[in-house]
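As a plain string of letters, each chain reads:
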Amino acid sequence: KNVKLIGAIATPSAMAAASASQGTIPVVYCAVSDPAAAGLTTQENVTGSSDLLDFDGQLALIKKFIPSVSRIGVLYTLGEANSISQIATLKEKASALGITIVDKAITNASEIPTQTDALIAEGIDCITNLTDNTVVGALDVIIEKTNAANIPVFGSEIDQVKNGCLASASLDYVALGKETGLIMAKILKGEVVASNEIAIQVKDSFNCYSAKVAEKLGITVPEDAGQNID
């Protein structure tokens, strides 16, 4: 269609757009957790924003809600490069705190119910989400099963808390989207070109939680838990 620019939200879309354009059309991705792992930092005419999760903040928040936490469950998609990278980082940081990450891999959304059951059966204290598009897309299925087992789920951003997770060390995705949109505008105006560098990398997070979910699970909200979204 002879578009002047392709905007791509999240890793799978970004990888597909970069592969299809082959450098002939500027591609600006938004909210890609690990652009290097996705192969985006070596491609011409590609740039965008990275939403690197605050793993230290997330683990600290989990420990506030569950001081005795020792086993954290994680679901991730084998086909999402960002998830492969994130699970390795999370394991490293959790290990330093004496916490074991119990992970279950999926290849598609149909495997999520079974793998969620498998996590619950392994005696986890909670589940924490990555910015895994397939897993987050089936959050309602996960929440239904974990609520029944009285196991909290910690989201990777605030909207997941609004949709049933207990809490999150969340990035400001609205602000990230606005900043990425400004990059697109500058490229279209000819003020800058799409280099193969990451234009924006967001690391700062803010804590948020749901008092309603905490009450439902019988969990006491710590004093410094952050913003209540209810």
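On to the overall build of the protein chain, then. Helix and strand counts for the protein chain stand at nine helices and 11 strands. A compact globule built from 230 residues should have a C-alpha radius of gyration of about 17 Å, and the protein chain, at 18 Å, falls within 12% of that. The dimensions of the protein chain, computed from C-alpha atoms along their principal axes, are 55 × 35 × 35 Å. Taking all 230 residues of the protein chain together, the buried fraction comes to 47%. Sequence separation of 24 or more characterises 65% of the internal contacts of the protein chain that already satisfy a separation of 6 or more. Accessible area for the protein chain stands at about 10600 Å²; split by element, carbon and sulfur atoms hold 51% of it. Separation between the mean location of the 16 positive side-chain charges and that of the 26 negative ones in the protein chain comes to 3 Å.

The complete set of buried residues in helix α4 (residues 112–121) reads I112, Q115, T116 and L119. Mapping the buried residues of α4 onto a view down its axis gives an arc of 105°, with all of them on the same face. Exposed side chains of α4 directed beyond 90 degrees from the buried face belong to T114 and A121. Elements in contact with the buried residues of α4: β4 (71–77), β5 (100–106), β6 (126–128), α5 (133–137) and α6 (139–148).

On to the packing of aromatic side chains. What characterises a pair of aromatic rings is the spacing of the ring centres plus the angle enclosed by the ring planes. Scanning all chains against the criterion turns up two aromatic pairs. Ring geometry for F65 versus F154: centroids 6.0 Å apart, planes at 65°, classification edge-to-face. Placement of F65 in helix α2 (residues 55–65) and of F154 in strand β7 (residues 153–154) is noted, with a sequence separation of 89 residues between them. Pairing F65 with Y209 gives two aromatic rings, centres 6.4 Å apart and planes at 55°, and the pair type is tilted. Taken as a pair, F65 in helix α2 and Y209 in strand β10 (residues 206–209) lie far apart in primary sequence, 144 residues in all. Just as F65 is buried, Y209 falls in that class too. By way of ring pairs, the aromatic residues F65, F154 and Y209 are connected into one cluster.

For any two helices packed against each other, the geometry is given by the interaxial angle and the distance between the axes. Where α4 meets α6, the closest approach of the two axes is 10 Å, and the angle between their N-to-C directions is 30°. Taken together, α4 and α6 sit at an angle that is classed as roughly parallel. Here α4 runs over α6; the crossing is right-handed. Note on element contacts: α6 touches α4 through V141, I142, K145 and T146, opposite I112, P113, T116, D117 and I120. Residues that form the contact of α4 with α6 fall into these classes: five nonpolar, two polar and two charged.

What the four strands build is an open sheet, ordered β1-β2-β3-β9; its pairing is parallel. Unpaired on one side and paired on the other, β1 (6–9) and β9 (198–202) mark the two borders of the sheet. The sheet shows a mean angle of 10° between the axes of neighbouring strands, taken without regard to direction. One ladder, built from four bridges, connects strand β3 (residues 46–51) with β9; its direction is parallel. Looking at β9, one finds that G48 is bridged to I198. Contacting β1, β2 (27–30) and β3, helix α1 (residues 11–21) runs over the sheet at an angle of about 150° to β1.

Turning our attention to unusual backbone geometry. Residue A10 is not a glycine yet carries a positive backbone phi of 80°. Counting through the fold element by element, A10 comes out in the loop between β1 and α1. Unlike most non-glycine residues, N45 shows phi in positive territory, near 65°. As for its placement among the helices and strands, N45 is situated in the loop between β2 and β3.

Calculation notes
- Residues numbered from 1 in each chain as written.
- Predicted model: local features only at pLDDT ≥ 70, side-chain atom pairs only at ≥ 80, totals over all residues.
- Heavy atoms only, no water.
- Helix = DSSP H or I, 4+ residues; strand = E, 2+ residues; numbered from the N terminus.
- Rg over C-alpha atoms; globule rule 2.2 N^0.38 Å.
- Buried < 20%, exposed > 50% of the residue type's maximum accessible area, 1.4 Å probe, protein only.
- Contact = heavy atoms within 4.5 Å.
- Areas by Shrake-Rupley, 256 points an atom, 1.4 Å probe, with all protein chains shown as cover.
- Lys, Arg positive; Asp, Glu negative; His and termini not counted.
- Charge placed at Lys NZ, Arg CZ, Asp CG, Glu CD.
- Arc of directions from axis to C-beta.
- Phe/Tyr/Trp six-rings, centres within 6.5 Å; stacked < 30°, edge-to-face > 60°.
- Axes fitted to C-alpha atoms, helices over the stretch in contact; angles between N-to-C directions.
- Parallel < 35°, antiparallel > 145°, perpendicular 65-115°, else oblique.
- Left-handed = near helix turned anticlockwise from the far one by under 90°.
- Nonpolar A, V, L, I, M, F, W, Y, C, P; charged D, E, K, R; others polar.
- Pairing = 2+ DSSP bridges.

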